[in-house]
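Understanding the architecture of this molecule
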Amino acid sequence: MNFLNLDAFTIIARVIVILMVLPLHEYAHAFVAKKFGDYTAESSGRLSLNPFTHIDPVGAVLLLLTGFGWAKPVPVNPNAMRNPRNGIIWTSLAGPLSNLIAAFISLTALRVIGCIPIAADNTALFNTLVSICTILGAFSSINMGLAVFNLIPVPPLDGSKVLMQFLPIRAVIWMQRNQMIISLVFLVLIISPALDIPLSFITTQVYRLFYFLTDWVPLLMNLITG
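Now for a quick tour of the structure. (Residues numbered from 1 in each chain as written. Predicted model: local features only at pLDDT ≥ 70, side-chain atom pairs only at ≥ 80, totals over all residues. Heavy atoms only, no water.)

**Examining the overall build of the protein**
- Helix and strand content of the protein: eleven helices and zero strands.
- The helix and strand sequence of the protein, counted from the amino end, reads α-α-α-α-α-α-α-α-α-α-α.
- Summarising its shape, the C-alpha atoms of the protein cover approximately 65 × 40 × 30 Å along the three principal directions.
- When burial is assessed residue by residue, the protein has 42% of its 226 residues classed as buried.
- Long-range pairs, those at least 24 residues apart, make up 74% of the contacts in the protein with a sequence separation of at least 6.
- Of the roughly 12,300 Å² of accessible surface on the protein, a fraction of 71% belongs to carbon and sulfur atoms.
- Positive and negative charge centroids in the protein, built from 12 and 9 side chains respectively, lie 13 Å apart. (Helix = DSSP H or I, 4+ residues; strand = E, 2+ residues; numbered from the N terminus. Buried < 20%, exposed > 50% of the residue type's maximum accessible area, 1.4 Å probe, protein only. Contact = heavy atoms within 4.5 Å. Areas by Shrake-Rupley, 256 points an atom, 1.4 Å probe, with all protein chains shown as cover. Lys, Arg positive; Asp, Glu negative; His and termini not counted. Charge placed at Lys NZ, Arg CZ, Asp CG, Glu CD.)

Right under this line is the structure:
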């Protein structure tokens, strides 16, 4: 990860992610778990959008420096769920899906602002909109990156919980027994540049897909503005 390539807009976007999107991510886990009958997160005070309920100091610092990080995991009890297998799958996917929704909304807003006509002499408005678009672009990209990151099937990330629902029991037991070692090795890979290329590639493909899905925005804005 490149710790030095940080500009003010990226830092602002990452702070917003830490204070707003990480809580949304964890809230989504808690909300879906409750829908499947597990009230563990709610009784622990985690069914909340309060950022200080969810922030993990190490994960927040890493997110601020690298763009990838995490919050405190929401406690989940599969035994309390009506359908434990489906409950774990959808509860695990809820967090990354919340990031993708946030990314899609911010990218849509970015494209709307990008279509606003500006007079050539209105420098103040132009600079303001450029600043907003820069923050929205960084915000959207970070959310996509977080979704991709959390779907990696490595403990303790959300992707590993989904993967374990499809693995044979012996493989699940092996992952659970070696979770600490796997997590430490993965943490080293996060800090090193090893994951930059594959994660950037996947995130770029998600961005291209979302950009394609928002191609209706300039068409609509052209009709509105005449």
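More follows now that the structure is in view.
**Considerations on the side chain of Ser140**
- In this fold, Ser140 is placed in helix α6 (residues 123–150).
- The exposure class assigned to Ser140 is buried, which follows from its relative accessible area of 0%.
- For Ser140, the residues in contact, after removing those within four places along its chain, are Ala103, Ser106 and Leu107.

**Focus on unusual backbone geometry**
- With omega at 5°, the peptide bond leading from Pro155 into Pro156 counts as cis.
- Inspection of the secondary structure assignment puts Pro156 in the loop between α6 and α7 (158–164).

**Describing helix α9 (residues 179–191)**
- For α9, which comprises 13 residues, the first-to-last C-alpha distance of 18 Å matches the rise-based estimate of 18 Å (1.5 Å per residue) to within 8%.
- Close packing links the buried residues of α9 with α6 and α8 (169–177). (Expected span 1.5 Å × (residues − 1).)

**Considerations on the nonpolar core**
- In terms of nonpolar packing, the biggest core is built from 16 residues, with Met144, Phe149, Ile152, Phe186, Leu199 and Phe210 touching the most fellow members.
- Contributing elements (two or more residues each) for this core: α5 (84–114), α6, α9 and α10 (196–213).
- With sequence-adjacent residues up to four places away left out, Phe210 is seen in contact with Leu100, Ala103, Phe104, Leu107 and Met144.
- Among the nonpolar cores identified, the runner-up in size contains 13 residues, and Ile18, Ala71, Ala102 and Phe139 belong to it. (Core = buried A, V, L, I, M, F, W, Y, C linked by side-chain atoms within 4.5 Å.)

**Quick notes on a nonpolar patch on the surface**
- A surface patch of nonpolar side chains, about 490 Å² in accessible area, is lined by Ile11, Val15, Leu19, Met20 and Phe52.
- It is helix α1 (residues 8–35) that contributes the most residues to the nonpolar patch, four residues altogether. (Patch = residues over 30% accessible without salt bridge, like charges linked within 9 Å, V, L, I, M, F, W, Y side chains within 5 Å. Salt bridge = Lys/Arg side-chain N within 4 Å of Asp/Glu carboxyl O.)

**Some thoughts on the packing of α5 against α6**
- In contact at an axis separation of 8 Å, α5 and α6 are set at 160° when each is read in the N-to-C sense. Judged on the interaxial angle alone, α6 and α5 are roughly antiparallel. At the point where α5 passes α6, the crossing takes the left-handed sense. On α6, the residues that touch Pro96, Asn99, Leu100, Ala102, Ala103, Ser106, Leu107, Ala109, Leu110, Ile113 and Gly114 of α5 are Leu129, Ile132, Cys133, Leu136, Gly137, Phe139, Ser140, Asn143, Met144, Leu146, Ala147 and Asn150.
- When the residues that make up the contact of α5 with α6 are grouped by side-chain class, the tally is 16 nonpolar, seven polar and no charged. (Axes fitted to C-alpha atoms, helices over the stretch in contact; angles between N-to-C directions. Parallel < 35°, antiparallel > 145°, perpendicular 65-115°, else oblique. Left-handed = near helix turned anticlockwise from the far one by under 90°. Nonpolar A, V, L, I, M, F, W, Y, C, P; charged D, E, K, R; others polar.)

**Here we look at the packing of aromatic side chains**
- Tallying each qualifying case throughout the model produces four aromatic pairs.
- Ring centres 5.9 Å apart and planes at 20° place the aromatic pair Phe149 and Phe186 in the stacked group. With Phe149 in helix α6 and Phe186 in helix α9, this residue pair connects regions lying 37 residues apart in the sequence.
- Accessibility expressed as a relative area gives 8% for Phe186, which makes it buried.
- With 6.2 Å between their ring centres and 25° between their planes, Tyr207 and Tyr211 make a pair best called stacked. Of this pair, Tyr207 and Tyr211 both sit in helix α10, four residues apart, which is roughly one turn of the helix.
- Overall, Tyr207 belongs to the partly exposed group, its relative accessible area being 27%.
- On the accessibility criterion, Tyr211 (37% relative accessible area) is partly exposed.
- Seen from the ring of Phe166, Arg85 lies directly overhead, with NZ or CZ sitting 4.7 Å from the centre. (Phe/Tyr/Trp six-rings, centres within 6.5 Å; stacked < 30°, edge-to-face > 60°. Lys NZ or Arg CZ within 6 Å of the ring centre and 35° of its normal.)

By themselves, these observations are geometric and do not establish any function.
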